[in-house]
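Inside the fold
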Amino acid sequence: MALSDVQIRNAKPKEKPYKIADGEGLHVLITPNGSRLWRLKYRVGGIEKQLAIGPYPQVSLKEARDKRDEAKRSLRSGIDPSQAKKAQKVSAAGADSFEAIAREWYEKFAPTKTPSHNEKIIRLLDRDIFPWLGKLPIKEVTAPELLSVLRRIEARGAIDTAHRASQICGQIFRYAIATGRAERDLSQDIKGAIPPPRRKHRASIIEPKEVGQLLRAIDGYKGGIVVRSAFR
């Protein structure tokens, strides 16, 4: 049931924060100190997220609903509204910082990828890259600085993630070059500095029963002609 201004104003604070819902994920969070905060609950790639819209009554009921509808339109276009909001703030603070350009690149290409793929990319950037490179002007980032960031990831044993981070940074640098804000793709300068990803070696199938299962699986494969031919 949709909220009214009277309901919001009359909502009393409790010992713990609680929500009163308006609809389609929009709700007001009532905090113990009496603040009334608009929040929008939504999902990206199966992951639940929240967008902070602002406090009531500074953000009116109508304005909150308008912002909810705007966020829903962004989601239909494949754009995470929380990330779009962060991108706007970062861009305003420093248009040529690594983070500003990275978020600009992300927003431009996110609609061409799946939500789950996009969520992995932005989570990696937020956790492993932006805390150390985000505020630097992209032209001032050096190869040793990029390598240092990747080695932090390597140090926790996540070598595959380190290589993935290098690939993503390479795409960001190339985007910056194409838009006239960088001159080099530093990911190329540090190739070979991170150990290659570990590959899992699987034992050969030697049991007749398991060989039979494999042959039946190959025979039943309905994928592309190239893979079918390779199997045969």
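Presented here is a report on the structure given in the accompanying data block. (Residues numbered from 1 in each chain as written. Predicted model: local features only at pLDDT ≥ 70, side-chain atom pairs only at ≥ 80, totals over all residues. Heavy atoms only, no water.)

Considering unusual backbone geometry
Across the chain, the bulk of peptide bonds are trans and the bulk of non-glycine residues have phi less than zero. The step from Y56 to P57 runs through a cis peptide bond, and the omega angle for that step is 10 degrees. Tracing the chain through its elements places P57 in the loop between β4 (47-56) and α2 (61-76). Positive phi is not limited to glycine here, since E24 has a value of about 55 degrees. Relative to the helices and strands, E24 resides in the loop between β1 (18-23) and β2 (26-30). (Helix = DSSP H or I, 4+ residues; strand = E, 2+ residues; numbered from the N terminus.)

Some details on a nonpolar patch on the surface
A surface patch of nonpolar side chains, about 460 Å² in accessible area, is lined by Y221, I225, V226, V227 and F231. By secondary structure assignment, the location of F231 is in helix α10 (residues 225-231). For F231, a relative accessible area of 42% translates into the label partly exposed. (Patch = residues over 30% accessible without salt bridge, like charges linked within 9 Å, V, L, I, M, F, W, Y side chains within 5 Å. Areas by Shrake-Rupley, 256 points an atom, 1.4 Å probe, with all protein chains shown as cover. Salt bridge = Lys/Arg side-chain N within 4 Å of Asp/Glu carboxyl O. Buried < 20%, exposed > 50% of the residue type's maximum accessible area, 1.4 Å probe, protein only.)

Section: the pattern of salt bridges
Summed over all chains, the structure comprises 15 salt bridges. With its nearest N and O atoms 2.5 Å apart, the salt bridge here joins R184 to D189. With relative accessibility at 38%, the residue D189 sits in the partly exposed group. When salt bridges that share partners are traced, they join D22, R65, R68 and D69 into one network.

Considering the environment of I47
Relative to the helices and strands, I47 resides in strand β4. A relative accessible area of 33% places I47 in the partly exposed class. Separated by 147 residues in the primary sequence, I47 and I194 have C-alpha atoms spaced 31 Å apart. Beyond its immediate sequence surroundings of up to four residues, I47 is in contact with Y42, E119 and R123. (Contact = heavy atoms within 4.5 Å.)

Focus: the packing of aromatic side chains
Considering all chains together, one arrives at 4 aromatic pairs under this definition. Taking 6.3 Å as the distance between ring centres and 85 degrees as the angle between the ring planes, the aromatic pair formed by F109 and Y175 counts as edge-to-face. Here F109, found in helix α4 (residues 98-109), pairs with Y175, found in helix α7 (residues 159-178); they are 66 residues apart in sequence, far enough to count as distant. On the accessibility criterion, Y175 (12% relative accessible area) is buried. (Phe/Tyr/Trp six-rings, centres within 6.5 Å; stacked < 30°, edge-to-face > 60°.)

Things to note about helix α6 (residues 143-155)
Over its 13 residues, α6 extends 18 Å from the first C-alpha to the last, a length consistent with the 18 Å expected when each residue adds 1.5 Å. For α6, the set of buried residues is A143, L146, L147, V149, L150 and I153. End-on, the buried residues of α6 take up no more than an arc of 160 degrees, which puts them together on one face. Facing away from the buried side of α6, by more than 90 degrees, are the exposed residues P144 and A155. In this fold, the buried residues of α6 make contact with α5 (115-133), α7 and α8 (186-189). Following α6 by one or two positions, G157 adopts a phi angle in the positive range, close to 85 degrees. (Expected span 1.5 Å × (residues − 1). Arc of directions from axis to C-beta.)

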